[in-house]
Amino acid sequence: KVPILVAVALMAAVASCSAREPNICMPLAEVAATAADDAVAPLIHALRPLLGSGGQLGSHGGVPCDSWRLGVEAYNVRDWKMAIAYLDSLRLAGNGKEVWVFDIDETMLSNLPYYATHGFGARPYNATSYNAYVLEGSAPALPETKRLYNKLLTVGIKPVFLTGRTEDQRAITVANLRRQGISGWMNLLLKQPGFKGSAVIYKSGERQKLQDAGYVIVGNIGDQWSDILGAPEGARTFKLPDPMYYIG
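Residues numbered from 1 in each chain as written. Predicted model: local features only at pLDDT ≥ 70, side-chain atom pairs only at ≥ 80, totals over all residues. Heavy atoms only, no water.

Peer 1: What should I look at first to understand the overall build of the protein chain in this one?
Peer 2: The helix and strand inventory of the protein chain stands at 11 helices and five strands. Every one of the 248 residues in the protein chain was classed for burial, and the buried ones make up 40%. Across the protein chain, every contact between residues at least 6 apart in sequence was considered, and the portion connecting residues at least 24 apart equals 65%. Total accessible area computed for the protein chain in this model is approximately 13,100 Å², and 60% of it derives from carbon and sulfur atoms. (Helix = DSSP H or I, 4+ residues; strand = E, 2+ residues; numbered from the N terminus. Buried < 20%, exposed > 50% of the residue type's maximum accessible area, 1.4 Å probe, protein only. Contact = heavy atoms within 4.5 Å. Areas by Shrake-Rupley, 256 points an atom, 1.4 Å probe, with all protein chains shown as cover.)

Below you can see the structure in the form of structure tokens.
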């Protein structure tokens, strides 16, 4: 009976890691050991790692399933066309108050050319060399994000850029976006000098200002958990993969 119970317990553990129900996820080794020892229903523990972009931020946002987070970060969860499908399903008020929030780095613009010559995220972050790359204004646009952006413009939703870039990088950021054929945004929000809070506090605070001004955030897209966590998140959030680095 014990081997049968072990098999059943293992199957239950796999089911608990469903992307649709990510609240509970149990290590397979723990399931097998518990079932073999006393042949009773195993105690299920939520996996909530303390490190990494899917750690403190993932658990804070209610996404504690490691396998699902890893799939998103490493781009193993593919062929989702959810943002465009969601946009097509929206019924807009037509009052000009609907906005969609975009991160910039690794969301609208790709810094892959920089990381290709700096270890693809395997080397320690060097702010001096990275900022020098940003000031070149040469980052290419991510084509699928650009497609979503352009479709928003056609239906009357106002794009808002909310980036961790600093105010002194405004001119080159605008130039880089325009070189990539990106224009027509409602606002470009950059971090002000002297801000000391976390990325979650900064970005959620800026979204709150938009909401307080009467705007409805119908969508929010970014490559970091800190882009999409923290109220108000927006009516729908979309996490792009970024296996190279994370921002806490």
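Peer 1: Explanation requested: the packing of helix α5 (residues 82-89) against helix α8 (residues 143-155) in the structure shown.
Peer 2: Between two packed helices, both the angle of their axes relative to each other and the distance between the axes serve to describe the pair. Remark: α5 packs on α8, axes separated minimally by 10 Å, with the N-to-C direction vectors making an angle of 5°. Regarding the angle of α5 to α8, the classification is roughly parallel. Of the residues in α8, those touching α5 at A83, I84, L87 and D88 are R147, L148, K151, L152 and V155. Tallied by class, the residues present in the contact of α5 with α8 amount to six nonpolar, no polar and three charged. (Axes fitted to C-alpha atoms, helices over the stretch in contact; angles between N-to-C directions. Parallel < 35°, antiparallel > 145°, perpendicular 65-115°, else oblique. Nonpolar A, V, L, I, M, F, W, Y, C, P; charged D, E, K, R; others polar.)

Peer 1: Before we go on, may I ask you to explain the pattern of salt bridges in this structure?
Peer 2: Between side chains of opposite charge, a pair can form as their charged atoms come close. All chains considered together, the criterion is met by seven salt bridges. A salt bridge links E144 to R147; its shortest N-O distance comes to 3.1 Å. Taken as a pair, E144 and R147 lie in helix α8 at a separation of three residues, close to a single helical turn. Ionic contacts of the salt-bridge type, sharing partners, join the residues D103, K203 and D227 into one network. (Salt bridge = Lys/Arg side-chain N within 4 Å of Asp/Glu carboxyl O.)

Peer 1: Looking at this structure, I do not really get the nonpolar core. What am I missing?
Peer 2: General note: in soluble globular proteins, nonpolar side chains tend to be found buried as a group. Core analysis: the biggest nonpolar cluster contains 32 residues, and W100, F102, L148, F161, L177, I182 and W185 have the highest contact counts within it. Looking at this core, the elements with two or more residues in it are α5, β1 (98-102), α6 (112-116), α7 (127-134), α8, α9 (170-179), β3 (187-191) and β4 (216-222). The greatest single-element share of this core, amounting to four residues, is contributed by α5. What L148 contacts, discounting residues up to four positions off in sequence, is A83, I84, L87, W100, F102 and I221. Ranked by size, the runner-up nonpolar core spans eight residues in total, among them V99, V160, L189 and L210. (Core = buried A, V, L, I, M, F, W, Y, C linked by side-chain atoms within 4.5 Å.)

Peer 1: Explanation requested: α5 in the structure shown.
Peer 2: Residues lying three or four places apart along an α-helix face the same way, a consequence of the helix completing one turn every 3.6 residues. Along α5, the residues that are buried comprise A83, I84, Y86 and L87. Buried residues of α5 fall within an arc of 160° about the axis and therefore sit on the same side. Exposed residues lying more than 90 degrees from the buried face of α5 are D88 and S89. Packing partners of the buried residues in α5 comprise β1, α8, β4 and β5 (237-239). (Arc of directions from axis to C-beta.)

Peer 1: Would you mind going over the packing of aromatic side chains with me for this structure?
Peer 2: For any pair of aromatic rings, geometry is given as the distance between the ring centres together with the angle between the planes. Counted under the stated rule, the structure contains 15 aromatic pairs. Relative to F161, the ring of F102 lies with its centre 6.0 Å away and its plane at 55°, an arrangement referred to as tilted. Taken as a pair, F102 in strand β1 and F161 in strand β2 (residues 158-166) lie far apart in primary sequence, 59 residues in all. On the basis of relative accessibility, which here comes to 0%, the residue F102 falls in the buried class. For F161, a relative accessible area of 0% translates into the label buried. An angle of 35° between the planes, with centres 6.3 Å apart, marks the rings of Y115 and Y130 as tilted. Here Y115 is found in helix α6, whereas its partner Y130 is found in helix α7, with 15 residues between them in sequence. Residue classification places Y130 among the buried residues on the basis of a relative accessible area of 9%. The ring of Y215 carries K97 above its face, with NZ or CZ at 4.4 Å from the centroid. We note K191 situated over the ring of Y202; from NZ or CZ to the ring centre the distance is 5.3 Å. (Phe/Tyr/Trp six-rings, centres within 6.5 Å; stacked < 30°, edge-to-face > 60°. Lys NZ or Arg CZ within 6 Å of the ring centre and 35° of its normal.)

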